[in-house]
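Structural overview for review
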Amino acid sequence: MEQILINLVAGALGGAGAGKAAPQFDLGMIGNLIAGAVGGGVLGQVVTLLLPSVMAAAQAGNLSVGGIVSHVIAGGAGGAILTAIVGAIKNKAAA
């Protein structure tokens, strides 16, 4: 459960950062947070499936610093990526 929370929070922060760093992808604060949390949650889960050592450590209750860092990076990246994709689609549809 902790991994999912880390992914969602990091994703929301990544989405907010991406929206503010690239105004052409900005969805507004709430939109950035929602898109970021969804992207962070999805990519964070994909990373745990692709890196069995992180998944094994998390299931054993031994979530190490490396595991937490990988979840934060994956969540933040997923949030930023999904925010940029949704922002680009929104802007293309508005044009």
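If you're wondering where the values come from, they're calculated on a predicted model, not measured in any experiment.

Definitions and limits used
Residues numbered from 1 in each chain as written. Predicted model: local features only at pLDDT ≥ 70, side-chain atom pairs only at ≥ 80, totals over all residues. Heavy atoms only, no water. Helix = DSSP H or I, 4+ residues; strand = E, 2+ residues; numbered from the N terminus. Buried < 20%, exposed > 50% of the residue type's maximum accessible area, 1.4 Å probe, protein only. Contact = heavy atoms within 4.5 Å. Areas by Shrake-Rupley, 256 points an atom, 1.4 Å probe, with all protein chains shown as cover. Patch = residues over 30% accessible without salt bridge, like charges linked within 9 Å, V, L, I, M, F, W, Y side chains within 5 Å. Salt bridge = Lys/Arg side-chain N within 4 Å of Asp/Glu carboxyl O. Axes fitted to C-alpha atoms, helices over the stretch in contact; angles between N-to-C directions. Parallel < 35°, antiparallel > 145°, perpendicular 65-115°, else oblique. Left-handed = near helix turned anticlockwise from the far one by under 90°. Nonpolar A, V, L, I, M, F, W, Y, C, P; charged D, E, K, R; others polar.

Take the overall build of the chain next. Tallying secondary structure elements over the chain gives four helices and zero strands in all. Taken over 95 residues, the chain has a buried fraction of 36%. The long-range fraction of contacts in the chain, counting pairs at least 24 apart against all pairs at least 6 apart in sequence, stands at 74%. Total accessible area computed for the chain in this model is approximately 5,300 Å², and 78% of it derives from carbon and sulfur atoms.

Attention now moves to a nonpolar patch on the surface. A surface patch of nonpolar side chains, amounting to about 810 Å² of accessible area, comprises Met29, Ile30, Leu33, Ile34, Val38, Val42, Val46, Leu50 and Leu51. As for its position among the elements, Leu50 is in helix 2 (residues 29-50).

This paragraph deals with the packing of helix 1 (residues 2-21) against helix 2. Look at helix 1 against helix 2: their axes get within 6 Å of each other, and the N-to-C directions meet at 135°. Considering the angle they form, helix 1 stands oblique to helix 2. The two elements helix 1 and helix 2 cross, and the hand of that crossing is right-handed. Contact with helix 1, carried on its side by Ile4, Asn7, Leu8, Gly11, Ala12, Gly15, Ala16, Gly19 and Lys20, involves Met29, Asn32, Leu33, Gly36, Ala37, Gly40, Gly41, Gly44 and Gln45 of helix 2 and no other residues of that element. Grouping the constituent residues of the contact of helix 1 with helix 2 by class yields seven nonpolar, 10 polar and one charged.

Between helix 2 and helix 4 (residues 65-94), the least distance of the axes is 6 Å, while the angle of their chain directions is 130°. As the angle between them shows, helix 2 and helix 4 are arranged oblique. Note that helix 2 runs across helix 4; the crossing there is right-handed. Along its contact with helix 2, which presents Asn32, Ala35, Gly36, Val38, Gly39, Gly40, Leu43, Gly44, Val47 and Thr48, the element helix 4 presents His71, Ala74, Gly75, Ala77, Gly78, Gly79, Leu82 and Thr83.

For the rest of this paragraph, the subject is the pattern of salt bridges. Should their charged atoms come close, side chains of opposite charge can pair. Enumeration according to the criterion identifies one salt bridge in this entry. A salt bridge links Asp26 to Lys20, with the shortest nitrogen-to-oxygen separation between them at 3.6 Å. Here Asp26 falls in the partly exposed class, since its relative accessible area comes to 25%. Taking the relative accessible area as the measure of exposure, Lys20 reaches 49% and is therefore partly exposed.

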